[in-house]
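Structural description and commentary
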Amino acid sequence: MKARDTLILVAVVLVAWQLLYWAVGSIAFRSPAETVRSAAVLLADPRFMPHVRESMLAFAEAFAIAVLIGLSIGVTLGASRLASEVAEPILVALYSIPKVTLYPVILLVFGIGMPAKVAFGAIHGIVPISIFALNAIRNINPVYLRTGQVLRLSPWAAARKILIPAALPEIVTGIRAGFCLTLIGTLLGEMFGAQRGLGHLLMQAMTRHNMDSIMALTLLLVVFAATVNGLLLALDHRLHRRV
Amino acid sequence: MSPVGGDAPVHVTLRGITRVYPAQAAQPPVHALGPIDLDLRQGEFFAVVGPSGCGKSTLLDVIAGLAVASAGDARFEGQAIDGSVPDGIGVVFQEDSSFPWLTVHDNIAFGLRELGRPADVVQAKVKYALDFMGLADFAQAYPAQLSGGMRQRVCIARTLVLEPRLILLDEPFGALDQQTRLLMGDELLRLWRETGATILLITHALDEATMLADRVGVMSARPGRFLEIVTTGWPRERDSTIVADPRFGGLTSRIWTLLRGESLRALGHTGVRR
Amino acid sequence: MKRVTLLRILVILGAIGLLEGLIHAGIVPRFTIIPPSEMASALAAILASGKLKVDIAVTLTNVAVAIVASMAAGVTIGTVLQRAAALRRILDPLFATYYAIPMYAFYPLLIVVFGLGDVPQICIGFLLAVMAVIINTLNGLDRVPRVLLKAARMHRMSALRTALRIRLPYAAPYIFTGFKLAVAYSFIGVIGAEFITSSRGIGYEISFAYNNFDNRLMYGLILFVLALVLTVNMSLHAWEKRLMMRRQR
Ligand SMILES: Nc1ncnc2c1ncn2[C@@H]1O[C@H](COP(=O)(O)OP(=O)(O)OP(=O)(O)O)[C@@H](O)[C@H]1O
Ligand SMILES: [Mg+2]
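About the cut-offs
Residues numbered from 1 in each chain as written. Chains lettered and ligands numbered in written order. Predicted model: local features only at pLDDT ≥ 70, side-chain atom pairs only at ≥ 80, totals over all residues. Heavy atoms only, no water. Helix = DSSP H or I, 4+ residues; strand = E, 2+ residues; numbered from the N terminus. Buried < 20%, exposed > 50% of the residue type's maximum accessible area, 1.4 Å probe, protein only. Contact = heavy atoms within 4.5 Å. Areas by Shrake-Rupley, 256 points an atom, 1.4 Å probe, with all protein chains shown as cover. Lys, Arg positive; Asp, Glu negative; His and termini not counted. Charge placed at Lys NZ, Arg CZ, Asp CG, Glu CD. Donors = N, O, S within 2.8 Å, 3.2 Å for Na, K, Ca; no water. pLDDT = per-residue confidence, 0-100. Axes fitted to C-alpha atoms, helices over the stretch in contact; angles between N-to-C directions. Parallel < 35°, antiparallel > 145°, perpendicular 65-115°, else oblique. Left-handed = near helix turned anticlockwise from the far one by under 90°. Nonpolar A, V, L, I, M, F, W, Y, C, P; charged D, E, K, R; others polar. Buried area = accessible area lost by both parts, 1.4 Å probe. Salt bridge = Lys/Arg side-chain N within 4 Å of Asp/Glu carboxyl O. Polar contact = N/O pair within 3.5 Å; in protein donor to acceptor, adjacent residues only side chain to side chain. 1 Å grid on protein atoms, 1.4 Å probe; cavity = no way out; pocket = protein on both sides within 12 Å on 5 of 7 lines; lining within 4 Å. Points joined across faces, edges and corners; volume = space filled by probe spheres on them. Domains from an automatic or database assignment. Near = heavy atom within 4 Å. Patch = residues over 30% accessible without salt bridge, like charges linked within 9 Å, V, L, I, M, F, W, Y side chains within 5 Å.

Some words on the overall build of chain A
Counting secondary structure elements, chain A contains 10 helices and 0 strands. Seen in sequence order, chain A has helices and strands lined up from the N terminus as α-α-α-α-α-α-α-α-α-α. Viewed in the frame of its principal axes, chain A has a C-alpha envelope of about 70 × 50 × 30 Å. When each of the 243 residues of chain A is scored for burial, the buried share is 49%. The long-range fraction of contacts in chain A, counting pairs at least 24 apart against all pairs at least 6 apart in sequence, stands at 74%. Counting only carbon and sulfur atoms, one obtains 71% of the accessible surface of chain A, whose full area is about 11,900 Å². In chain A, 20 positive and 11 negative side-chain charges are present, and the distance between their average locations comes to 9 Å.

In structure tokens, the structure reads:
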């Protein structure tokens, strides 16, 4: 049922894409078949893989940092009612700022290269992860915690048996949001201050008006993001069904 | 002597009314109600009691035209009820149905404004209803700021200002304490006498049914059918002091005797006791 | 003023003060970040000179267009989809992965399709914003209690009137959350797109200033964007709080 719906959706997207291609024309656009072909060429090119590795490495570092810092901020603030009330609107406001405008600052601090992209990716992910974690901890029904006290659980047991299971589904939702944004942030970082990576290739293709590369890279990025997000989403649903 | 004689015209007719909720994912069809045969006479106060889940709300939905009967014939003022709400029927639902985005005043005015009544008429009727329901001090409050019982009164007022000829009430006093319940019952009786409307009241409080109604329909466990319809024989002029009437205890215990076995059945104690 | 609000302002002022102090103490080098006080004077100078009036106007106009378009389209699409269960089920995976798609990757395509004017920037803002409105509209409409719809039928209301007078008012707080996000995403999308390639707008001027080592101009503009977005966001937050007060049980 679900698989069928996804297939229908993919078919609908492909048809729409093909129709758009017929409408826009081949000067500035590529058909699905042509795009898949250039993507295959790209994947077969031995010079391509180092860029992928570079991007994945930057992304993995950025994501790890985002999860670590995001969870620490969220859990610490969420544990205190006052702190979470003071901080939440600030975090939401931080979420809403166009982070690209901060990119020059990152470049000035870290210089062009790996650290800058990692930092830029991480700042995209930290905020949503901390917002979700904060709310997950804050919204735990106090009755659960009191039940833990009545059952005379040790603090460690209470955390393991009550706090974590109660907060985990929301935290995973936040990590999923953080995953998507960190990826976008890392790529954006590569588009400006980098000589390697998929974002850099995309920017290069844009300045050279290399339509084949633009379309192929976009396709690969979207497929990658959609696949990982789909997996995280499945986990997310599983956890949410329990509660 | 019952105030509604056999000579008052029939207002609502139900013949063989049955309702089966269709099967849903991994859930077999639910035979919720019926068959039900019932005549409500013009100006009658009819109460329905029955075990939880026996189909009382379903019955109300069918009479209101909010649900279509799977079988049978339902008529209001001679017209078939066919899945839309006929003009002249007012419903107070079991759940809180106050609109959280409107003030108490605007909630009560809602139906009148939908009908396009002139502003001064709306104003006068809403003011009367606010006073009548004891909500005058809360006209500008939002439902969220009221207690559950007050919200239910808002819903009652919102329905009553439309002056329906048939009023269907689904456990309207469920959220109220016993004392307020009795007083609201008195108000309902007063309103019933003044308007001459027909009332069908669903309740789980047996004494409330006995005190308020001309007739009490006692339903079986699901699928709900009428086991018996008990005639109280109260005069039209009555109020909550009727609980002191010598016949009151007898009527209430008669209803309870009928219901006891059914309620056990509804709890799953099938055939355990006679 | 409420204690929480006061504390919040103190936290923000404290953070600004800390940055100011760190720079004056030489712990953070001046060629990296200029002190917030200098950012403010730089911004004042920019606004007084009026030389970026056009860029600011262009950006704000494009953001406004993206906001309005995404709100209107989002609520309409959400309302229609809520009634079209089959279509919604098919589109569901798209909704779930939408924000995983690097939207800026479509920017070159948009330029090719719409040319180098304002439309590509508006499109990016719109594309980011519209889904937030759709998702929140659906979420709100899904929550309308069945008993309120029964009440609507009792009042013999048509489908359209039920949507306008019951469903949408009930969903309003959720839709408002969508609007709030739409405002944020429109800023992010438009300014981000200007930053990548464009010949005008605040985003473009920031990247231009960066490339020309004009730190005062750059930080003045960054401050402008931050102050603007934070003010808008906080005001919407306060407004939302006020609206929700009456509804909270
Ligand atoms: N929408 C529905 N779909 C399937 N089954 C339903 C639905 N609504 C009610 N039922 C079933 O029909 C039966 C009667 O429900 P109804 O709400 O009419 O009972 P009730 O007598 O009003 O109960 P209560 O006293 O608890 O209000 C119940 O067993 C219930 O499970
Ligand atoms: Mg019921």
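And the narrative resumes.
Side note on the coordination of the magnesium ion (ligand 2)
Residue and element names in this part refer to chain B. Here the magnesium ion (ligand 2) is held by S57 (OG) and Q94 (OE1), and the distances to it run 1.9 to 2.2 Å. In this pair, S57 sits in helix α1 (residues 56-64) while Q94 sits in the loop between β6 (89-92) and α2 (104-114), placing the two residues 37 residues apart along the sequence. The exposure class of S57 is partly exposed, given its relative accessible area of 26%.

Remarks on the confidence of the model for chain C
All names here are of chain C. Of the residues in chain C, 99% reach a pLDDT of 70 or more, and the chain-wide mean stands at 87. No element of chain C has a lower mean pLDDT than helix α5 (residues 107-114), at 78, and none a higher one than helix α3 (residues 53-83), at 93. Model confidence for the complex: the whole-complex pTM is 0.82, and ipTM, which rates the interface, is 0.82.

A look at the packing of helix α6 (residues 114-138) of chain A against helix α8 (residues 155-192) of chain A
Residues and elements named next belong to chain A. Contact geometry for α6 and α8: axes closest at 7 Å, N-to-C directions at 165°. Classified by the angle between their axes, α6 and α8 sit roughly antiparallel to one another. Considering only the axes of α6 and α8, their crossing is right-handed. In the contact of α6 with α8, the residues fall into 14 nonpolar, 10 polar and 3 charged.

Concerning the arrangement of the chains
The highest contact count of any of the 2 pairs of chains in contact belongs to chains A and C. There is a clear gap between chain A and chain B: no contact, and 13 Å between their nearest C-alpha atoms.

A look at the confidence of the model for chain A
On average, residues of chain A carry a pLDDT of 85, and 98% of them reach 70 or more. The lowest-confidence element of chain A is helix α7 (residues 142-150) of chain A, averaging 78 in pLDDT; the highest-confidence one is helix α3 (residues 48-78) of chain A, averaging 92.

A word on the interface of chain C and chain B
Residue-level contacts link 18 residues of chain C with 30 residues of chain B. Here chain C meets chain B over a buried area of about 2,200 Å², counting both sides, of which 60% is carbon and sulfur. Put simply, chain C and chain B have 3 salt bridges between them. The salt bridge partner of E114 of chain B is R165 of chain C, with a shortest N-O separation of 2.8 Å. Taken together, the links from chain C to chain B amount to 6 residue pairs in polar contact (both at pLDDT 80 or more).

Quick notes on the interface of chain C and chain A
Opposite the 50 residues of chain C that make contact, chain A presents 49 residues. Approximately 4,400 Å² of surface area, both sides summed, lies buried where chain C meets chain A, with 81% of it carried by carbon and sulfur atoms. Along the contact surface separating chain C from chain A lie 4 residue pairs in polar contact (both at pLDDT 80 or more). Secondary-structure elements contributing two or more residues to the side of chain C that touches chain A are α1 (3-24), α4 (85-97), α5, α8 (159-196), α9 (202-211) and α10 (215-247) of chain C. It is α10 of chain C that provides the largest number of residues to the side of chain C that touches chain A, a total of 11 residues. A per-class count over the side of chain C that touches chain A returns 41 nonpolar, 6 polar and 3 charged.

Considerations on the layout of surface pockets
One simple way to see leftover space: roll a probe sized like a water molecule over the atoms. The calculated volume of the second largest pocket comes to roughly 1,500 Å³. What lines the second largest pocket is a set of 37 residues, among which L94 and I97 of chain A together with A15, L19 and L226 of chain C lie closest to the centre. At the level of elements, α4 (81-96), α5 (103-110) and α6 of chain A together with α1, α2 (36-49) and α10 of chain C are the ones that each hand at least two residues to the lining of the second largest pocket. Residues that form the lining of the second largest pocket fall into these classes: 32 nonpolar, 3 polar and 2 charged. Counting residues domain by domain, the lining of the second largest pocket receives three or more from each of domain 1 (1-33) and domain 2 (40-248) of chain C.

Some remarks on the side chain of H200 of chain A
Residue placement: H200 of chain A occurs in helix α9 (residues 198-207). The contact partners of H200 of chain A, leaving out residues within four places of it in the chain, are E190, M191, A194 and Q195 of chain A.

A look at the site of ligand 1
All residues in the neighbourhood of ligand 1 are listed as Y21, A32, S52, G53, C54, G55, K56, S57, T58, Q94 and R222 of chain B together with R146 of chain C. Near ligand 1, the surrounding residues are drawn from chains B and C. One of the side-chain nitrogen or oxygen atoms of S52 of chain B is found 3.0 Å away from an oxygen atom of ligand 1. S57 of chain B has a polar side-chain atom sitting 2.6 Å from an oxygen atom of ligand 1. When ligand 1 is considered free in solution it has 640 Å² of accessible area, and contact with the protein chains removes 68% of it. Sorting elements by how many residues they give to the shell around ligand 1 places α1 of chain B first, with 3 residues. Of the residues that constitute the shell around ligand 1, the class distribution is 3 nonpolar, 6 polar and 3 charged.

Here's the deal with a nonpolar patch on the surface
Residue and element names in this part refer to chain A. A cluster of nonpolar side chains, namely V143, Y144, L145, L163, I164 and L168, defines an oily patch on the protein surface of about 480 Å² accessible area. Those elements that place two or more of their residues in the nonpolar patch are α7 and α8. Tracing the backbone shows L168 in helix α8.

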